[in-house]
Amino acid sequence: MQNGTQIPESRKCEPAKYEYKKTSYAELFEVLQSLRKHEVFCDVKLETDDKKIIFAHKVVLASASPYFHAMFTNFAEKNYDLVTMRQLNSTCLQPLVNFIYSGEIVITEKNVQDLLSAANLLQLQEVKDACCDFLETQLCSTNCIGINKIADFHSCTKLLTSSELYIRQHFSEVADGDEFLSLSSKEVIKLISSDELIVPSEEKVFESVILWVKHDILGTRKCILPQLMEYVRLPLASKHYILKKVIEEPLIKNCLECKDYVIEALHFHLLKLDDIIPKNNRNKPRKYGDQVILVVGGIDPDSCKSTEWYDPIMDRWHFGPELITSRSSAGLATVKDNLVFALGGTVSYFSSLRSVDMLDLSSESPCWKPTVQMLNKRRWFGVGVINDNLYAVGGSNNGGDSQDSAEVFDYKTQKWRMVSSMATRRSGLGVGVLNDLLYVVGGHNYSSMSGLDTVECYHPSFDTWKPVAKMCVCRTDAGVGVLDGVLYVVGGRGESNIHRSVETYRPSIGVWTSIGDMHLPRRNAGVVALNGLLYVVGGNNGTSSLNSVECYSPHTNTWTMVTMPMNDARTYPGVIAINRPQLFNTC
């Protein structure tokens, strides 16, 4: 066959081979289940505590459970056809044997604890994990402590972690429940000593401790009160609360050691006035608990003097102290953890400001007061804080020209001074502080109204600006935030559209990376990191100001709309995270 296909010489002698792999074992297990139900080839009977008999095949049980594998290979039961299963009743063993044969099991509130205990004994990890996943979905303020103890008893690491997190995040509700009152003193101390305890104020911790002590009818918990008060951060409560509530509490009045903590707290409020506060755990703010989001001003007439704050625990917005100066497009920053500065902005399109107002959050009655003015008038500019030095960068002046200048306010000397200018004039820029460096992102310079994709970085130690990798797209009026060592640039305006897109920058990698889009397009939105999430507040969608808020979780790469919108729609708001001041507790 001259025209036929020639078989290569090297393949002529190779043996033919075709591999086939069964894709599903469902049919096999259906047969095994049928044999078991009809008691065919069954070589073992399992007798439960309630005297029920369950037929099975040793080889099937041993293939699924290390417990049965050891029993039927290393112990006397390998020669028995009747095995007594102590500590197990038929209501939990029967579903587990069915699971071994079918791969299916139904978990409910009534059977989950028994199934978890039995699955743990039989080392059926899949069922154990499924029980833990079910319990995690059932977590609420009335059962989370009980679920936490179940997880600890059965060494369910993931459930233990998630239940502990839930307890800390919902402490206010948990502390009002019966489970909290049944905790041991060690368990209470472990909980209230956590830096990550989320509470609306330290007063709640104090009240929970008093409630726990009073719950003991025999009064034996009174002697533990000094140990508990060691972990209540009483100095962080308001002076008014300490004088009116704490001092008047009978348990405190009758405890000499507890009075020392009251004196320490009052002493703290006196020292705070002189800024010479000694550091200890009792005056250290908790990592998340006392933080709220403060939103200031905007370009809309209804919002240019108003402020409001968001409580992420209660998911509620409250109005805060009104500005003394109407500020559209102002900058907002916090210094020394308790001083909020509202800088510059504009009172009309052609009139920029260089005035600065300050809000002292440590005051018993926080209100805005004028402070040292900037050297230059600025609007549509960026602000950042490094080591309590407040930087104001770029923006435009009365004439509308973009600026390349930057200035810094030294809190210690109470003076502004100019620093090196940027390489590019920028208005509508974003600013973020990362690793004690100032990153300036995007903006426009009127010759490029569609926005810039360039980024500059300021090194305070050298007073120099250096270029950074360009963004993926040009952006002006973008929001900038920093979360867990990552710089986020959010939304903004391009050549012909408002962006929903977001990109991130990691200095260790040196490139910009796109992440999931926001739900809404936004320009001139405020951005702030809080409790491991990135919040984007207000802004403009191209036609109107927004009062909506959404937050980003880096763990899931997803955006979620915050349920409660702001009271006012705001374009170009100033947004920061602050420690909750006492005034804000009752607004």
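Remember, predicted model here, so these are calculated numbers, not experimental data. Within each chain, residue numbers correspond to sequence positions counted from 1 in written order. Note on the predicted model: pLDDT of at least 70 is required for a residue's local features to be given, and 80 or more for side-chain atom pairs to be given and counted; whole-chain, interface and lining totals, by contrast, use all residues. Each side-chain value is worked out from all heavy atoms of the structure, with water and hydrogens disregarded.

**Structural notes on the side chain of E550**
Here comes step 1: We count a stretch as a helix when DSSP gives it H or I for four or more residues in a row; a strand needs E for two or more, and each element gets its number in order from the N terminus. Looking at the element boundaries, E550 is found in strand 27 (residues 549-553).
Here comes step 2: Since its relative accessible area comes to 0%, E550 is described here as buried.
Here comes step 3: Separated by 3.3 Å, the side chain of E550 and the backbone nitrogen of L520 make a polar contact.
Here comes step 4: A distance of 3.0 Å separates the side chain of E550 from the side chain of R522, its partner in a polar contact.
Here comes step 5: Pairs of residues are marked as contacts when any of their non-hydrogen atoms sit within 4.5 Å. Not counting residues within four places of it along the chain, the set of residues in contact with E550 comprises M518, H519, L520, R522, L534, Y535, V536, W559, T560, M561 and V562. Under the scheme applied here, a residue whose accessible area is under 20% of the maximum for its type counts as buried, over 50% as exposed, and between as partly exposed, the area being computed with a 1.4 Å probe on protein chains only. Pairs of N or O atoms are called polar contacts if they sit within 3.5 Å, as long as, within protein, a hydrogen donor faces a hydrogen acceptor (for residues adjacent in sequence, only side-chain-to-side-chain pairs).

**Topic: unusual backbone geometry**
Here comes step 1: One non-glycine residue, S329, lies in positive phi territory at about 60 degrees.
Here comes step 2: Position of S329 relative to the elements: it lies in the loop between strand 6 (316-319) and strand 7 (331-335).
Here comes step 3: Using a relative accessible area of 1% as the deciding quantity, one classes S329 as buried.

**Regarding the sheet that holds strand 20 (residues 464-468)**
Here comes step 1: Here 4 strands make up an open sheet; going across it, the order is 17-18-19-20 and the pairing antiparallel. With one partner strand each, in any of the chains shown, strand 17 (430-434) and strand 20 form the two edges of the open sheet. Ignoring strand direction, the axes of neighbouring strands in this sheet form an average angle of 25 degrees.
Here comes step 2: Pairing of strand 19 (residues 455-459) with strand 20, which is carried by 5 bridges, proceeds in the antiparallel orientation. DSSP bridges decide pairing: two strands pair if at least two such bridges lie between them. Axis lines are fitted to C-alpha atoms, over the contacting stretch for helices. Their N-to-C directions set the angle, which ranges from 0 to 180 degrees.

**So, the nonpolar core**
Here comes step 1: In this structure, L46, L61 and F180 are the most contacted members of the largest nonpolar core, which totals 78 residues.
Here comes step 2: Apart from the residues within four sequence positions on either side, F180 is in contact with I145, F171, V174, A175, V188, L191, S208 and W212.
Here comes step 3: What makes a nonpolar core is a set of buried Ala, Val, Leu, Ile, Met, Phe, Trp, Tyr and Cys residues whose side-chain atoms join them at distances within 4.5 Å. Residues L437, V441, C457 and V489 belong to the second largest nonpolar core, which totals 14 residues.

**Comments concerning the packing of helix 6 (residues 125-137) against helix 8 (residues 157-169)**
In a packed pair of helices, the relevant descriptors are the angle between the two axes and the axis-to-axis distance.
Here comes step 1: At a minimum axis separation of 9 Å, helix 6 and helix 8 run at an interaxial angle of 10 degrees. With respect to each other, helix 6 and helix 8 are oriented roughly parallel. On helix 8, the residues that touch C132, D133, L135 and E136 of helix 6 are K158, L159 and S162.
Here comes step 2: Taken together, the residues of the contact of helix 6 with helix 8 sort by class into 3 nonpolar, 1 polar and 3 charged. Orientation labels follow simple angle bins: below 35 degrees gives roughly parallel, above 145 gives roughly antiparallel, 65 to 115 gives roughly perpendicular, and whatever is left gives oblique. Here the nonpolar group is Ala, Val, Leu, Ile, Met, Phe, Trp, Tyr, Cys and Pro; Asp, Glu, Lys and Arg are the charged ones; every other residue, Gly included, is treated as polar.

**Considerations on the pattern of salt bridges**
Here comes step 1: The term salt bridge refers to a pairing of a side-chain nitrogen on Lys or Arg with a carboxyl oxygen on Asp or Glu at a separation within 4 Å. Throughout the structure, instances matching the rule amount to 21 salt bridges.
Here comes step 2: Residues E136 and K158 are paired through a salt bridge, measuring 2.8 Å at the closest nitrogen-oxygen approach. One end of the pair, E136, is in helix 6; the other, K158, is in helix 8, with 22 residues separating them in the sequence.
Here comes step 3: Under the relative-accessibility criterion, K158 is labelled exposed at 53%.

**Considering the packing of aromatic side chains**
Here comes step 1: Between rings of Phe, Tyr and Trp, where Trp is taken as its six-membered ring, a pair exists when centres lie within 6.5 Å; planes separated by under 30 degrees are stacked, by over 60 edge-to-face, and by other angles tilted. A full pass over the atoms with the stated rule returns 14 aromatic pairs.
Here comes step 2: Between F341 and F409, the aromatic rings sit 5.9 Å apart at their centres with planes inclined by 55 degrees, giving tilted as the arrangement. Placement of the pair is F341 in strand 8 (residues 339-343) and F409 in strand 15 (residues 406-410), with a sequence separation of 68 residues. In this pair, the class of F341 matches that of F409, namely buried.
Here comes step 3: Members of the aromatic cluster, each reached through a chain of ring pairs, are Y67, F68 and F72.
Here comes step 4: Criterion for a charge above a ring: Lys NZ or Arg CZ within 6 Å of the ring centre, and within 35 degrees of the ring normal. Across from the ring centre of W212, 3.9 Å away, lies the NZ or CZ of R221, which sits over that ring.

**Some details on the UniProt feature "domain: BTB" (unreviewed entry) in the chain**
Here comes step 1: In the numbering used here, UniProt assigns the "domain: BTB" (unreviewed entry) feature to residues 42-109.
Here comes step 2: Structurally, residues 42-109 is divided into 43% helix and 16% strand, and its ends, taken at the C-alpha atoms, are 32 Å apart. UniProt positions are given in the numbering used here, feature names are shortened, and annotations may be inferred rather than shown by experiment.

**What to know about the confidence of the model for the chain**
Here comes step 1: Each residue carries a pLDDT value, the predictor's own confidence for that position, ranging from 0 to 100. Per-residue pLDDT for the chain has a mean of 89; in total, 91% of the residues score no lower than 70.
Here comes step 2: Below pLDDT 50 for its whole length, residues 1-5 participates in 1 contact with residues either more than four positions away or in separate chains.

**Remarks on the sheet that holds strand 3 (residues 82-84)**
To summarise the sheet geometry, strands pair through backbone hydrogen bonds and adopt either a parallel or an antiparallel arrangement.
Here comes step 1: Taken together, the 3 strands give an open sheet; going across it, the order is 2-1-3, and neighbouring strands pair in mixed fashion. Of all the strands in the sheet, just strand 2 (53-56) and strand 3 have a single pairing partner and so form its edges. Averaged over neighbouring strand pairs, the angle between their axes works out to 25 degrees when direction is ignored.
Here comes step 2: Of the strand pairs in this sheet, strand 1 (residues 44-47) and strand 3 are connected by 3 bridges, and their pairing is parallel. Counted as the bridge partner of L46 is V83 from strand 3.
Here comes step 3: Along the sheet, helix 4 (residues 90-102) makes contact with strand 1 and strand 2, crossing strand 2 at roughly 10 degrees.

**Regarding helix 3 (residues 66-74)**
Here comes step 1: Among all positions of helix 3, only F68, M71 and F72 are buried. Seen from one end, helix 3 has its buried residues packed into an arc of 80 degrees, which puts them on one side.
Here comes step 2: On its buried face, helix 3 is in contact with strand 1, helix 2 (58-64), strand 3 and helix 5 (112-122). Arc definition: directions from the helix axis to the C-beta atoms.

**Quick notes on the pairing of strand 27**
Here comes step 1: Most of strand 27 is tucked away, with 5 of its 5 residues classed as buried.
Here comes step 2: Because side chains alternate across strand 27, one face comprises the buried residues V549, C551 and S553, and the other comprises E550 and Y552, equally buried.
Here comes step 3: Across 4 bridges, the pairing between strand 26 (residues 533-537) and strand 27 is antiparallel. What sits directly across from V536, in strand 27, is E550.

**What about the environment of T108?**
Here comes step 1: By the secondary structure assignment, T108 is in the loop between helix 4 and helix 5.
Here comes step 2: On the basis of relative accessible area, T108 is assigned to the partly exposed category, the value being 32%.
Here comes step 3: Sequence spacing of T108 and F134 is 26 residues, and the spatial spacing of their C-alpha atoms is 8.2 Å.

**Some points on helix 4**
Here comes step 1: The span one expects for a helix is its residue count, reduced by one, times 1.5 Å. With 13 residues, helix 4 should cover 18 Å at 1.5 Å per step; its first-to-last C-alpha distance of 17 Å lies within 8% of that length.
Here comes step 2: Residues of helix 4 that are buried: S90, C92, L93, L96, V97, F99, I100 and Y101.
Here comes step 3: Lining the buried residues of helix 4 we find helix 1 (26-37), strand 1, strand 2, helix 2, helix 5 and helix 6.
Here comes step 4: Backbone geometry just after helix 4 places G103 at a positive phi near 75 degrees.

**What to know about the packing of helix 5 against helix 6**
Here comes step 1: Between helix 5 and helix 6, the shortest axis-to-axis distance is 8 Å and the interhelical angle comes to 150 degrees. By the angle between their directions, the pair helix 5 and helix 6 is classed as roughly antiparallel. Along this stretch, helix 5 crosses helix 6, giving a crossing that reads as left-handed. Residue-level contacts link V112, L115, L116, A119 and N120 of helix 5 to V127, K128, C131, C132, F134 and L135 of helix 6.
Here comes step 2: Across the contact of helix 5 with helix 6, the residue classes tally to 9 nonpolar, 1 polar and 1 charged. Take the far helix as the reference: if the near one is turned anticlockwise from it by less than a right angle, the crossing is left-handed, and if turned clockwise, right-handed.

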